[in-house]
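Spelled out, the chains give:
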Amino acid sequence: MNLAERLRQDMVAALKGKQELRLSTLRMALAAVKYKEVERRGPLDDPGIMQVLATLIKQREDSAEQFTAGGRPELAAKERGEIAILDEYLPQLVSDADIEAAVRQAIAATGAKTAKDMGAVMKAAMAHFAAAGQRADGKAVNAAVRRLLG
């Protein structure tokens, strides 16, 4: 079963189970996937759907930060709940040790010496994670690259 089918089945289960937050989150995710499919004029594969879900998670994290800063903890909690639901459909984030190892490998592969080479190292490191089917936080990878190229 592909990821889109799993999202649809879980949405139906949430509807039957009267899980309002889960239902609204899955509807929102499926709408975002459909929007991207229309934009691309073709169906998305699982990595494409994962990319859409990762974007939605990033948006929710930004919103939760803004709500917290604005003194609206109830809305921030709702956003965090949506993040937890969406996160179930993505691979686990790689550890800091794995990020550092991939960055070191990318530095060696690109021959990077200074911070000016940061873009090439980031591209190589993120490509490594994508090829392995892993998910890495871009901010953590960026921090590791800065630290190692320092």
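Residues numbered from 1 in each chain as written. Predicted model: local features only at pLDDT ≥ 70, side-chain atom pairs only at ≥ 80, totals over all residues. Heavy atoms only, no water.

A. Representation of the overall build of the protein. Along its length, the protein carries seven helices and zero strands. Starting at the N terminus, the α and β elements of the protein follow one another as α-α-α-α-α-α-α. Principal axes of the C-alpha set define a box for the protein whose edges measure 55 × 40 × 25 Å. Sequence separation of 24 or more characterises 59% of the internal contacts of the protein that already satisfy a separation of 6 or more. As displayed, the protein offers around 9400 Å² of accessible surface, 54% of which is attributable to carbon and sulfur atoms. (Helix = DSSP H or I, 4+ residues; strand = E, 2+ residues; numbered from the N terminus. Contact = heavy atoms within 4.5 Å. Areas by Shrake-Rupley, 256 points an atom, 1.4 Å probe, with all protein chains shown as cover.)

B. Spatial organisation of the environment of M1. Within the secondary structure, M1 sits in the segment before α1 (3-16). Each C-alpha atom of the pair M1 and L75 lies 33 Å from the other, and the pair is 74 residues apart in sequence.

C. Quick peek at helix α5 (residues 96-110). Compared with the 21 Å implied by 1.5 Å per residue over 15 residues, the 21 Å span of α5 between its first and last C-alpha is a close match. Buried within α5 we find I99, A102, V103, A106 and I107. Viewed end-on, α5 has its buried residues packed into an arc of 140°, placing them on one side of the element. In this structure, α5 carries A97, A108 and A109 as exposed residues pointing more than 90 degrees from its buried face. Buried-residue contacts for α5 involve α6 (118-131) and α7 (138-149). Where α5 ends, the next residue or the one after it, G111, has phi of about 70°, a positive value. (Expected span 1.5 Å × (residues − 1). Buried < 20%, exposed > 50% of the residue type's maximum accessible area, 1.4 Å probe, protein only. Arc of directions from axis to C-beta.)

D. Summary view of the confidence of the model for the protein. Scored by pLDDT, the protein comes out at a mean of 93, with 100% of its residues at no less than 70. Element-level mean pLDDT values for the protein span from 90 in α6 up to 97 in helix α4 (residues 73-87). (pLDDT = per-residue confidence, 0-100.)

E. Here's a closer look at the packing of α1 against helix α2 (residues 20-40). Between α1 and α2, the least distance of the axes is 9 Å, while the angle of their chain directions is 150°. As the angle between them shows, α1 and α2 are arranged roughly antiparallel. Both α1 and α2 take part in a crossing whose hand is left-handed. Residue-level inspection shows A4, L7, R8, D10, M11, A14 and L15 of α1 in contact with α2, the latter providing R22, L23, L26, R27 and L30. (Axes fitted to C-alpha atoms, helices over the stretch in contact; angles between N-to-C directions. Parallel < 35°, antiparallel > 145°, perpendicular 65-115°, else oblique. Left-handed = near helix turned anticlockwise from the far one by under 90°.)

F. Structural detail: the side chain of R135. As for its position among the elements, R135 is in the loop between α6 and α7. A relative accessible area of 15% places R135 in the buried class. Polar contacts involving the side chain of R135 include one to the side chain of D87, which spans 2.7 Å. A distance of 3.2 Å separates a polar atom in the side chain of R135 from the backbone oxygen of P91. (Polar contact = N/O pair within 3.5 Å; in protein donor to acceptor, adjacent residues only side chain to side chain.)

G. Local environment of a negative patch on the surface. Together, E61, D62, E65 and D137 make up a negatively charged patch on the protein surface. Within the secondary structure, D137 is located in the loop between α6 and α7. (Patch = residues over 30% accessible without salt bridge, like charges linked within 9 Å, V, L, I, M, F, W, Y side chains within 5 Å. Salt bridge = Lys/Arg side-chain N within 4 Å of Asp/Glu carboxyl O. Lys, Arg positive; Asp, Glu negative; His and termini not counted. Charge placed at Lys NZ, Arg CZ, Asp CG, Glu CD.)

H. Molecular detail of the nonpolar core. Counting residues in hydrophobic clusters, the biggest one holds 18 residues, and the most contacted among them are L7, I49, L53, L56, L86 and Y89. Of all the elements in the fold, those that place two or more residues in this core are α1, α2, α3 (46-69) and α4. Looking at this core element by element, the count peaks at five residues for α3. Residues contacting L7, with those up to four places away along its chain left out, are L26, L30, I49 and Y89. V94, V141, A144 and V145 belong to the second largest nonpolar core, which has 17 residues in total. (Core = buried A, V, L, I, M, F, W, Y, C linked by side-chain atoms within 4.5 Å.)

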